[in-house]
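What the coordinates show
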Amino acid sequence: MYAKGEILKRKEAVGISDIRDLVLHLSADAPPPSWLRVESPRSIQKVVALLIPGITPDIISLPPLPTSATANPNLPLPIPLPSDSDSSRGVPFISSTFSHACPTRAPGDQTRMHSVLNTFFQSPLSGDERKKRLLERVTSERELEKNPLRYLLTIEQMVENDYPVPSYLAEVFEKPTGWVETAVTDAASILSQTPLESPPRIYAIDCEMCLTEDGKELTRVCMIDYASGIVVYDQLVKPKKPIHDYLTRWSGITAEALDPVTTTFEEVQAHILSVVSVSPTPVLLGHSLESDLKALKLCHPRCIDTAVIFHHPRGRPLKPGLAWLTKKWCGREIQNRGEGGHDPEEDARACLDLLKKKVANGPGFGEFKMDMESVFERMSRARAGTVRSAVVDHGNPAAWHGSKASTTIACKSDAEVLEGLLGALPSHHFVFGRFTAFADALGWITAKGNSDLVPETGSVVPRERADTSEVLAALNLQLTQLYAALPARTALVLFTGHSDPRRMAELNARKSTFESALRQAKNLDELGIDGRWTSADGRALEEEVEKARRGLLFLGIKGDAA
């Protein structure tokens, strides 16, 4: 039963973090939510959470959200029962199974919607667990504390931060032509943090770019050995295509510096690959290192990223800048050459010094925000370790949000999601599944399978509702079949996450293009009226973000069979 009085007190609608905490209350050890009353929560045998983007209020015939100053738009809305004439429209399963739809709000800020999946699957540590981990951190073995390998990015972190992941770690990145990946002898233990008899070398690396007709291309790369502090490689690179903009203000590269250079990108890439393709596999260290790897067209398994292991003071998803980190934690200023641009040796050495500070002072050094953990880690500790969890999702959930679950099932279609859910139900206490066919039919899906459903600008072609009727009918049948298979006293948590993100994505892309043009000191007259970003566009973006962050939540518990 919804606690309407508590919802009225809230400034915002129920959030994705509230849904997550409800799931943890029902399946683990989280306290009861204030906005909902659950009678006898320990009598609930299983919890099934379904994320189904695309279901909007009009599909289930909900009235518009109230706009009156005296009405609260966050209160649950009664769902009209399906009539005989509407039985073939919308999703009758929802209307016949749930009594209310609760408005929700996705995470985000004024100009962006943040990841629904990240928020749902990452939970703050409980007070007891935080104290336990702090004690473990203080009493941990000295050799592990001083081991830089403990800061290696996990596969999950690499995927989350858009790294080009080697194919032997996870099939999440398809290498375009011209890309290479570091060869390893033992992929299974490549990310181990255990101190080795022969520790790998660590190289701090930084790349600089210029702008050609093919976009940004590599113009300089610098590598510094972590142990000795010696520059082991520093090379200017001659792009194949004519340079349109040297980006000197950021890269420090000038026409005079590049004019006598004959070294090609392929030569530099081959050299870097030879340096890292030794045993034990070296570690590459950088700030937002994924950008440097993309510049080198290199997939590498062992990475340490100072933008990840150090925190922004306002927490994720914000990342701290390298100059700020170096001033804050190393007490010196970098990147202060003005129009002269960055020095890659200076930036690489800053990363090296930051890692040494981290290793010397421990993992808590440079962190601001509350510790987080996967919801599956928290479930695994609950009820004497008896809670088993499963993630059934498109793409490769084992390399992403399901990496800590007891079981992960990768799917290529909603039909496979249904099959996976039915198979996981008997042996798991918590099961998560995501149906995406309807959102795909609406044009909400991006080509990147491991992210939330935010479309690429220009890739979306609006479809008529007639194109989606068969998809909705299939979804309705899948939900009906799944519900029939649920055991008695199973809690069903169905949420949509967000609304149509396409207009928000389009405006953000325009804003990004305009800001990029400003950074490159382009003439605004060249952009034309459509290419400029105005205060009216800013207000329109904020409105579209608010619309996109709206979602719906449906809650129910399957009763005992008559």
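Residues numbered from 1 in each chain as written. Predicted model: local features only at pLDDT ≥ 70, side-chain atom pairs only at ≥ 80, totals over all residues. Heavy atoms only, no water.

**A few points about the overall build of the protein chain**
A tally of regular secondary structure across the protein chain gives 21 helices and 19 strands. The proportion of buried residues among the 562 residues of the protein chain is 47%. At a minimum sequence separation of 6, the contacts of the protein chain that also span at least 24 residues come to 69%. (Helix = DSSP H or I, 4+ residues; strand = E, 2+ residues; numbered from the N terminus. Buried < 20%, exposed > 50% of the residue type's maximum accessible area, 1.4 Å probe, protein only. Contact = heavy atoms within 4.5 Å.)

**Some thoughts on helix α13 (residues 322-330)**
If you check which residues of α13 are buried, you get Leu322, Leu325, Thr326, Trp329 and Cys330. The buried side chains of α13 occupy one side of the element, clustering within an arc of 95 degrees when seen end-on. Turning to α13, the residues buried within the fold contact α12 (306-309) and α14 (344-361). Of the residues trailing α13, Gly331 is marked for its positive phi of about 70 degrees. (Arc of directions from axis to C-beta.)

**A look at the environment of Asp353**
On the secondary structure map, Asp353 appears in helix α14. By relative accessible area, Asp353 is classed as partly exposed at 22%. With near-sequence residues (within four places) excluded, Asp353 lies in contact with Cys330 and Arg332.

**Brief notes about empty space enclosed by the protein**
What the rule picks out here adds up to two cavities of 30 Å³ or more. One number sums up the size of the second largest cavity: a volume of about 40 Å³. Lining the second largest cavity we find Leu26, Ser27, Ile44, Gln45, Lys46, Val47, Arg383 and His429. Residues belonging to the lining of the second largest cavity are distributed by class as follows: three nonpolar, three polar and two charged. (1 Å grid on protein atoms, 1.4 Å probe; cavity = no way out; pocket = protein on both sides within 12 Å on 5 of 7 lines; lining within 4 Å. Points joined across faces, edges and corners; volume = space filled by probe spheres on them. Nonpolar A, V, L, I, M, F, W, Y, C, P; charged D, E, K, R; others polar.)

**Focus: the packing of α13 against α14**
In a packed pair of helices, the relevant descriptors are the angle between the two axes and the axis-to-axis distance. At a closest axis distance of 10 Å, the pairing of α13 and α14 adopts a crossing angle of 45 degrees. By the criterion of interaxial angle, the relationship of α13 to α14 is oblique. Of the two elements, α13 crosses α14, and the hand of that crossing is left-handed. In this structure, α13 contributes Leu322, Leu325, Thr326, Trp329 and Cys330 to the contact, and α14 contributes Asp347, Ala350, Cys351, Asp353, Leu354 and Lys357. By residue class, the composition of the contact of α13 with α14 is seven nonpolar, one polar and three charged. (Axes fitted to C-alpha atoms, helices over the stretch in contact; angles between N-to-C directions. Parallel < 35°, antiparallel > 145°, perpendicular 65-115°, else oblique. Left-handed = near helix turned anticlockwise from the far one by under 90°.)

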